[in-house]
Structures are given as structure tokens and as C-alpha cells.
Amino acid sequence: MDIRLIVAISAGLIFSTTHNLFSAVDPLYQRFQFIEPHLGTLVDLTLYASSEAVANDAAQAAFARIKELNRIFSDYTSDSEASRLCITAGSGARVPVSDELFELLSQSEAISEATGGAFDVTIGPVAKLWRVARRQRRLPPQEPLDTARELVGWTNVQLQQESQTVQLLKRGMQLDFGGIAKGYIAQQTRDVLARCGISRCLVSIAGDICAGDSPPDSDGWKIGIAPLIDPNGPPTYFLRLENCSVSTSGDAFQFVQIDGIRYSHIVNPSSGLGLTYRSSVTVVASDGATADGFATAITVLGVEKGLRVVEPFKDVAALMVLNVEQGLSIHETRNFKEWLIP
């Protein structure tokens, strides 16, 4: 029996593969799929295992890890580790944090530095105002927005490597990992599956995908990039991936129309405003946090600055599609073609 899997991802990625349940190359591998709701979306695991029992145990461990990481990074719950850390902002306290929180803050700092702050996990106060704005369909009031912008600045997060502590310098600072956490969690989930003996796997969390070893009868996972204008339409590009991550950042489904202007859910940390141009950015990188964070930053920076920022990184490739008056404008880094399927 042939099984064809085509899953549309809200942020613009589709993954597609066709395999027999029992691989012709290695009959010990069976293909399994597990889908559960987590992180405000559906998490999709596709994996190859020697038995149903092995697959079930690995999937259970993977979903448990996702719940654990959500309890660390979520800014929607007051008892997450990130939320508890924010309570100490401006107090002068150096707070010991978990390995995971310190690692993701360190990766966030590196991307912020590389992008001149176009990616910034301290965007929380502004992002929360825009969540309300999207629900109410009206712009955030100027005075609260100005106050929130004063609290944004990645250099106000002080990391102490030796003691693994974090100090937030300004009272009222709030962390928001929305532009990087899903990529990091997808990577962590793949690592859990690997520790369970599942190396041939694909983890999909909305627009963030982390690929392990190739399926038994293929030289990579086939990933489709949905078109910008019609995200539910057939893919415009296909990538072949193995042991790397891909993230797409865009506003195809998350935006608000106010006074005739379309505002994205992606906010520019500098201006405090939702982006008003339509774009889709896809980034391939060696790890999930890098792919996710750079996809967010490039979206904010735009074509010229965004692609120039990632060009020095040999393990990062990017594609940006813009909707302009003349039609679609397509731009990519020099190494993006290495991942494309002709």
C-alpha cells in the first residue's frame, strides 16, 4: 500500500513524500505518522522505526519534550520559566536559568547582533499590544506603544556564561520567543527521536521543519514552499533536505487590515509597527533556531539588507519572495540553489 503525505503548513511550508509502509530498501523500517496539538498549532512527526511499539515510545517522548519546552519558553502562561524571569526585570538580580533557556537566549543574542537588532526577543511589550490590536482591529494607542518601545532592546539582556545566569536590565521587559522558539523546539524534538533510536524522521511545527536522516528509499526529504499569494496552492519550489532545518516566515494567515492598510503579525523592533509589505522568507540552516530566527530577521530587514546579512554564513541559505506592484519579486542567496530540486 502506497501512502502519500501532503501536509500544508500555515507559514508557507509543505512537506511531501511517497513511500511504502514497508520500505523496499530495508524491510525493517516502517513508516509512522503522529499528529498532536501543541504550541498553538499542530505538531506532525513522520518517522521510520522497526516496530509500532518503538515508534509509539519515541513519539510519546517527543511530545513530552515539547510540553516541557513550552513550560520554559511560553509567554502566554505566567508560570513558565521565561515569564518568571521577566518578573525580575529591573531588580538587578542575576537569575540562574535552565540549560534550554540560556541556550536559546544565547542563540537569540547572536542573531540579534548579526542582524543589528532586526530580530529581538525583548519585543514582548510591543508584540502584546499588537495581539490586542489584531483582535480589536485597531492600531495600538500611540502612548502605550511608545512606552512599550522603550522596553525593547536585546542589549538589555545580560548573559553570564560561567554562572549560567540572566539579568534583565529594564523593569517591565518581556521576552517573546515567537520568532525563534518553534525552530528550536523542532530541533530538540528531532534530537529526542534520535536518542530513542529514530534517526530517519521529520518534525513539522507550523512553518518550522527539522529533518533527520533521509527515508530508507530516498536521498532526502522533499519539502515544498507554498506560493506567497495563494498559500493553499501547489508549491512553487521544492527542497531536498537531510539533517538540517527549514523555516518560512510570512503573514499569509496572520495579519490585520486597519484603515485600508494590511499589518503583519511580524513587528519591526525599531518602529514598533507591524510590517505592511507582503513577503515570504524561507531559510535553510543547520539548526532550527538559526533557521527560524534568521527567517524572522530577514522579513524585517527586507531583501537587500536581509540577504546580505546571511551571505557570510555558509550553513544558511535564504529565499525571499515579495509582492510588489509589478508582480512577484524573487531573491535568493547564492547558495540557495544547492537545496532546490530542479
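Reading guide: rules and limits
Residues numbered from 1 in each chain as written. Predicted model: local features only at pLDDT ≥ 70, side-chain atom pairs only at ≥ 80, totals over all residues. Heavy atoms only, no water. Helix = DSSP H or I, 4+ residues; strand = E, 2+ residues; numbered from the N terminus. Rg over C-alpha atoms; globule rule 2.2 N^0.38 Å. Contact = heavy atoms within 4.5 Å. Areas by Shrake-Rupley, 256 points an atom, 1.4 Å probe, with all protein chains shown as cover. Lys, Arg positive; Asp, Glu negative; His and termini not counted. Charge placed at Lys NZ, Arg CZ, Asp CG, Glu CD. Phe/Tyr/Trp six-rings, centres within 6.5 Å; stacked < 30°, edge-to-face > 60°. Buried < 20%, exposed > 50% of the residue type's maximum accessible area, 1.4 Å probe, protein only. Lys NZ or Arg CZ within 6 Å of the ring centre and 35° of its normal. 1 Å grid on protein atoms, 1.4 Å probe; cavity = no way out; pocket = protein on both sides within 12 Å on 5 of 7 lines; lining within 4 Å. Points joined across faces, edges and corners; volume = space filled by probe spheres on them. Nonpolar A, V, L, I, M, F, W, Y, C, P; charged D, E, K, R; others polar. Patch = residues over 30% accessible without salt bridge, like charges linked within 9 Å, V, L, I, M, F, W, Y side chains within 5 Å. Salt bridge = Lys/Arg side-chain N within 4 Å of Asp/Glu carboxyl O. Pairing = 2+ DSSP bridges. Core = buried A, V, L, I, M, F, W, Y, C linked by side-chain atoms within 4.5 Å. Axes fitted to C-alpha atoms, helices over the stretch in contact; angles between N-to-C directions. Parallel < 35°, antiparallel > 145°, perpendicular 65-115°, else oblique. Left-handed = near helix turned anticlockwise from the far one by under 90°.

Participant: Outline the overall build of the chain, supporting the account with residue identities and numerical values.
Facilitator: Each helix and strand in the chain was counted, giving eight helices and 17 strands. Taken over the C-alpha trace, the chain has a radius of gyration of 20 Å; the compact-globule value for 342 residues is 20 Å, and the two agree within 12%. Each of the three principal axes of the chain carries a C-alpha extent, and together these read 65 × 50 × 40 Å. A separation threshold of at least 6 residues defines the contact pool for the chain, and within that pool the share at least 24 residues apart is 59%. Summing over all exposed atoms, the chain offers an accessible surface of approximately 15300 Å²; the carbon and sulfur share of this is 51%. Taken as two groups, the 29 positive and 38 negative side-chain charges of the chain have centres that lie 5 Å from each other.

Participant: Residue-level account of the packing of aromatic side chains, with values.
Facilitator: In the structure shown here, the tally under the stated rule is five aromatic pairs. Aromatic pair Tyr48 and Trp221: ring centres 6.2 Å apart, planes at 50°, arrangement tilted. Of this pair, Tyr48 sits in strand S4 (residues 41-49) while Trp221 sits in strand S10 (residues 221-225), and the two are 173 residues apart along the sequence. The class of Trp221 is buried, set by a relative accessible area of 1%. Taking 5.6 Å as the distance between ring centres and 90° as the angle between the ring planes, the aromatic pair formed by Phe73 and Tyr184 counts as edge-to-face. With a gap of 111 residues between them, Phe73 in helix H1 (residues 52-73) and Tyr184 in helix H6 (residues 181-195) connect regions that are remote in the sequence. Summarising the burial analysis for this pair, Phe73 and Tyr184 share the class buried. Grouped by ring-pair contacts, the aromatic residues Phe73, Phe177 and Tyr184 constitute a single cluster. For the cation-ring pair, Arg131 lies above Tyr76, with the distance from its terminal atom to the ring centre recorded as 4.2 Å. Over the aromatic face of Phe255 sits the side chain of Arg262, whose NZ or CZ is 3.7 Å from the ring centroid.

Participant: Please set out the environment of Pro96 residue by residue, giving values where relevant.
Facilitator: Along the polypeptide, Pro96 turns up in strand S5 (residues 95-96). Assessed through its relative accessible area of 63%, Pro96 is described here as exposed. When the C-alpha positions of Pro96 and Gln164 are compared, they lie 5.9 Å apart, and in sequence the two are 68 residues distant. Every residue in contact with Pro96, bar those within four places of it in the chain, is listed here: Gln164 and Thr165.

Participant: Could you give me a rundown of the layout of surface pockets, with the residues and numbers involved?
Facilitator: Empty space within the largest pocket amounts to approximately 1200 Å³. Considering the residues around the largest pocket, the lining is formed by 43 residues, among which Gly178, Gly179, Lys182, Gln254 and His265 are closest to the centre. Of all the elements in the fold, those that place two or more residues in the lining of the largest pocket are H1, helix H4 (124-136), H6, strand S12 (244-250) and helix H7 (288-301). If you trace the second largest pocket, you find it lined by Ser74, Asp75, Thr77, Ser78, Ala82, Ser83, Cys86, Ile87, Lys128, Gln174 and Leu175. Along the lines of polarity and charge, the residues of the lining of the second largest pocket split into four nonpolar, five polar and two charged.

Participant: I'd like a description of unusual backbone geometry, backed by residues and values.
Facilitator: The phi dihedral of Asn243 is positive, around 50°, even though this residue is not glycine. Structurally, Asn243 can be placed in the loop between strand S11 (237-241) and S12. Phi angles above zero are rare outside glycine, and Asp259 is one such case at about 50°. Inspection of the secondary structure assignment puts Asp259 in the loop between strand S13 (255-258) and strand S14 (261-264).

Participant: Break down a nonpolar patch on the surface for me, with residues and values.
Facilitator: Taken together, the side chains of Ile229, Leu328 and Ile330 present a nonpolar region at the surface, about 270 Å² in accessible area. Following the sequence through the fold, Ile229 ends up in the loop between S10 and S11. Residue classification places Ile229 among the partly exposed positions, given a relative accessible area of 45%.

Participant: Describe in detail the pairing of S12, supporting the description with residues and values.
Facilitator: Here is the key point about a regular strand: its side chains alternate between the two faces of the sheet. Most of S12 sits out of view: seven of its seven residues are buried. Note that strand S9 (residues 208-211) and S12 share four bridges and pair antiparallel. Considered in S12, the bridge of Asp208 is made with Ser247. As defined by bridge partners, S12 adjoins strand S15 (residues 279-285) across six bridges and the pair is classed as antiparallel. Within the sheet, the bridge partner assigned to Ser247 lies in S15 and is Val283.

Participant: How would you sum up the nonpolar core? Please name residues and give values.
Facilitator: Within the largest apolar cluster, 67 residues are counted, with the highest numbers of intra-cluster contacts made by Leu47, Phe73, Leu85, Leu105, Phe177 and Val283. Among the elements that make up this core, the one with the highest residue count is H1 (nine residues). Leaving out residues up to four positions away in the same chain, Phe73 has contacts with Ala82, Glu100, Leu101, Leu104, Phe177, Tyr184 and Ile185. Core analysis: the second largest hydrophobic core is formed by 17 residues, Ile225, Leu228, Leu241 and Val246 among them.

Participant: Just give me the short version of the packing of H4 against helix H5 (residues 142-149), but keep the residues and values in it.
Facilitator: Interaxial distance between H4 and H5 falls to 7 Å at its minimum, and their mutual angle equals 150°. Here H5 runs roughly antiparallel to H4, going by the angle between their axes. Relative to H5, H4 is oriented so that their crossing is left-handed. Note on element contacts: H5 touches H4 through Pro144, Leu145, Ala148 and Arg149, opposite Pro125, Val126, Leu129 and Trp130. Grouping the amino acids of the contact of H4 with H5 by side-chain chemistry returns seven nonpolar, no polar and one charged.

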